[in-house]
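Topology and contacts: notes
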Amino acid sequence: MSAQRSEQRLRLALLALLALALLAGCGRNMAEQPRLGPLQESPFFPDRSGSLPLVEGTVSRERGAIDPVFFTGTRAGALVTELPVELTLALVQRGQERYDIFCAMCHGYTGDGDGMIVRRGFPRPVSFHEQRLLDASVGYYFSAMTNGFGRMYPYASRIPAEDRWAIAAYVKALQLSQNATVDDVPADVRRALELGTSEGRAPR
Ligand code: HEC
């Protein structure tokens, strides 16, 4: 056997040893540690509970816990007519994106109620441009999504409250878009539109 070959063998053997040493470190003992599930019994604390009680005066950081309007869309049992979140372009754009994902397949991209699923035979919802729904408050839309409406299932578990408000704001904007006149367009935006620049276009 030549000296070169035995050197090669030695190198291979060393590599194999190194790989073995590395693999030995790959146990699952980090993943499999003793742990307690929520509210499970534990001998560690005097009250034998695995979960310590909350410190007195703890406030939930979930918004709905401190602002029921945000969570229910109602104040003293009546549907709210104002958004409980700030109305910004970003909110309406988020609403448009979420509406196109969660609602358009039935209610249609313009809210006419002729979405693709309806065209394939699903019951047709009333158009958002009917007078009754034009008059409906933003809280009405939030509530319909949160609690469901007739044959439409609720969305509370699928769409977070913040996004339900964004969608409700977008539906109101959608209604305006189908019923607006040129006079409703702010003067500076109208000028941009007349000049044919992209500035005045709704971003998509
Ligand atoms: C699978 C189809 C479908 C999807 C998706 C859907 N809806 Fe509906 N929606 C309906 C139908 C059908 C009705 C009418 C139900 C009835 O009258 O029994 C309805 C009713 C409504 C109503 C009440 C209208 C009225 O007549 O007062 C509102 C508001 C509404 N939907 C909003 C939404 C929003 C917002 C979304 C998206 C988050 C959404 N829907 C997603 C099918 C759908």
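Keep in mind it's a predicted model, so treat the numbers as computed, not measured.

**Section: the coordination of the iron atom of the ligand**
Listed as protein donors to the iron atom of the ligand are His107 (NE2) and Met152 (SD); their distances from the metal cover 2.0 Å. Considering all six donor atoms around the iron atom of the ligand, angles at the metal cover 84 to 178° and the coordination shape is octahedral. With histidine 107 in helix 5 (residues 104-107) and methionine 152 in the loop between helix 8 (138-147) and helix 9 (161-179), this residue pair connects regions lying 45 residues apart in the sequence.

**Notes on the packing of helix 8 against helix 9**
Two elements in contact, helix 8 and helix 9, have axes separated by 9 Å at closest approach and are oriented at 130°. Judged on the interaxial angle alone, helix 9 and helix 8 are oblique. Two packed elements cross with a definite hand, and for helix 8 against helix 9 that hand is right-handed. Touching Val138, Gly139, Tyr141, Phe142, Met145 and Thr146 of helix 8 are Ala161, Arg164, Trp165, Ile167, Ala168, Ala169, Val171, Lys172 and Gln175, all from helix 9. Among the residues making up the contact of helix 8 with helix 9, the classes are represented as 10 nonpolar, three polar and two charged.

**Side note on the environment of aspartate 100**
Looking at where aspartate 100 falls in the secondary structure, it is placed in helix 4 (residues 89-102). Between the C-alpha atoms of aspartate 100 and serine 42, which are 58 residues apart in sequence, the distance is 48 Å.

**Observations concerning the pattern of salt bridges**
Under the defined criterion, the tally for this structure stands at five salt bridges. A salt bridge links arginine 48 to glutamate 41, with the shortest nitrogen-to-oxygen separation between them at 2.9 Å. Judged by its relative accessible area of 46%, arginine 48 is partly exposed. A salt bridge links arginine 98 to glutamate 97; the nearest nitrogen and oxygen atoms lie 3.2 Å apart.

**Description of helix 4**
For helix 4, which comprises 14 residues, the first-to-last C-alpha distance of 20 Å matches the rise-based estimate of 20 Å (1.5 Å per residue) to within 8%. Regarding helix 4, the residues found buried are Leu91, Val92, Gly95, Gln96, Arg98, Tyr99 and Asp100. Buried residues belonging to helix 4 abut helix 5 and helix 9.

**Looking at the site of the ligand**
Around the ligand sit 24 residues in total, of which Cys103, Cys106, His107, Tyr140 and Met152 are the nearest. For the shell around the ligand, the secondary structure elements donating two or more residues are helix 5, helix 7 (131-135) and helix 8. Of the residues in the shell around the ligand, the class split is 20 nonpolar, two polar and two charged.

**Some thoughts on helix 9**
With 19 residues, helix 9 extends 27 Å between its outermost C-alpha atoms, agreeing within 8% with the 27 Å of an ideal straight helix rising 1.5 Å per residue. Buried residues of helix 9: Ala161, Asp163, Arg164, Trp165, Ala166, Ile167, Ala168, Ala169, Tyr170, Val171, Leu174 and Gln175, and no others. For helix 9, the secondary structure elements touched by its buried residues are helix 3 (68-72), helix 4, helix 7 and helix 8.

**Brief notes about the environment of asparagine 29**
Considering the arrangement of structural elements, one finds asparagine 29 in the loop between helix 1 (3-24) and helix 2 (63-66). In this structure asparagine 29 comes out as exposed when scored by relative accessible area, which is 61%. When the C-alpha positions of asparagine 29 and isoleucine 117 are compared, they lie 50 Å apart, and in sequence the two are 88 residues distant.

Criteria and cut-off values
Residues numbered from 1 in each chain as written. Predicted model: local features only at pLDDT ≥ 70, side-chain atom pairs only at ≥ 80, totals over all residues. Heavy atoms only, no water. Donors = N, O, S within 2.8 Å, 3.2 Å for Na, K, Ca; no water. Tetrahedral: all angles 85-135°; square planar, octahedral: opposite > 155°, others 65-115°. Helix = DSSP H or I, 4+ residues; strand = E, 2+ residues; numbered from the N terminus. Axes fitted to C-alpha atoms, helices over the stretch in contact; angles between N-to-C directions. Parallel < 35°, antiparallel > 145°, perpendicular 65-115°, else oblique. Left-handed = near helix turned anticlockwise from the far one by under 90°. Contact = heavy atoms within 4.5 Å. Nonpolar A, V, L, I, M, F, W, Y, C, P; charged D, E, K, R; others polar. Salt bridge = Lys/Arg side-chain N within 4 Å of Asp/Glu carboxyl O. Buried < 20%, exposed > 50% of the residue type's maximum accessible area, 1.4 Å probe, protein only. Expected span 1.5 Å × (residues − 1). Near = heavy atom within 4 Å.

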